[in-house]
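Close look at the chain arrangement
Letter by letter, the chains look like this.
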Amino acid sequence: VAGAGPQALLDKFAPLRAVGGHRVALSYQLDSVVARTGTDAERARLSIPEPGSVFQIVQFVFIEEQMVGREVSVVSAQRFPRLGTQLTYGQHLYSVFSDYGVLITKADDGLAVAFADDAIAPLINVDPGSPMLALNRVAYTFEDQAIELRQCAFAMAHLSYWATIA
């Protein structure tokens, strides 16, 4: 992926596909970027010294103008100091990280079933209690440094998750 450009990153780290397995074009809508003090767990996982600040980025994910999920990412504010003003619209974060010389080379994804709550259900056009895919991700650099903690929830009526095991 190194040197292959932003599209290669998206292809590698965007595992959502149509039910049949073919790629779909994802788009993002930025909801918020908030600077805050990181929790003990966030600071430990991202190797941020106390009282380290983080940015929490909330984005909605769309396929063909249909909102299908929400992503909440946490990153070090020290490592990405301009992120609060740099993100003005929705976009995949890994191409933004490359502006800081940070290349994501691997990610650990944890998958589970979740259920749409009253807040997200109307946004993604599902009934409260509908099953969703919950994805928890830790993204790493080539040096195995954790860069991003991400929690996602996706409506799975028209989506599937594909991973390459190498």
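A brief look at the structure comes next.

With respect to the sheet that holds strand S7 (residues 146–155)
The six strands lie next to each other as S2-S3-S4-S7-S6-S5, forming an open sheet whose pairing is antiparallel. The sheet is open, and its two borders are formed by strand S2 (26–37) and strand S5 (104–115), each paired with just one other strand. The mean angle between the axes of side-by-side strands here comes to 15 degrees, regardless of whether they run parallel or antiparallel. In the sheet, strand S6 (residues 131–141) pairs with S7 via nine bridges, with the strands oriented antiparallel. Bridged to Ala 139 within S7 is Glu 148.

Comments concerning the packing of aromatic side chains
Summed over the entire model, instances satisfying the criterion amount to three aromatic pairs. Taken together, the ring pairs in this structure connect Phe 80, Tyr 94, Phe 97 and Tyr 100 into an aromatic cluster. In this arrangement the basic side chain of Lys 106 is found over the ring face of Tyr 140, its NZ or CZ atom lying 5.3 Å from the centre.

Observations regarding unusual backbone geometry
At the junction of Glu 50 and Pro 51, the peptide bond is cis and its omega measures out at 5 degrees in the coordinates. Residue placement: Pro 51 occurs in the loop between helix H2 (40–45) and strand S3 (53–63). We note that Ser 47 has phi near 55 degrees; this positive angle belongs to a residue other than glycine. Structurally, Ser 47 is set in the loop between H2 and S3. Phi at Asp 144 takes a positive value of approximately 60 degrees, unusual for a residue other than glycine. For Asp 144, a relative accessible area of 47% gives the class partly exposed.

About the cut-offs
Residues numbered from 1 in each chain as written. Predicted model: local features only at pLDDT ≥ 70, side-chain atom pairs only at ≥ 80, totals over all residues. Heavy atoms only, no water. Pairing = 2+ DSSP bridges. Helix = DSSP H or I, 4+ residues; strand = E, 2+ residues; numbered from the N terminus. Axes fitted to C-alpha atoms, helices over the stretch in contact; angles between N-to-C directions. Phe/Tyr/Trp six-rings, centres within 6.5 Å; stacked < 30°, edge-to-face > 60°. Lys NZ or Arg CZ within 6 Å of the ring centre and 35° of its normal. Buried < 20%, exposed > 50% of the residue type's maximum accessible area, 1.4 Å probe, protein only.

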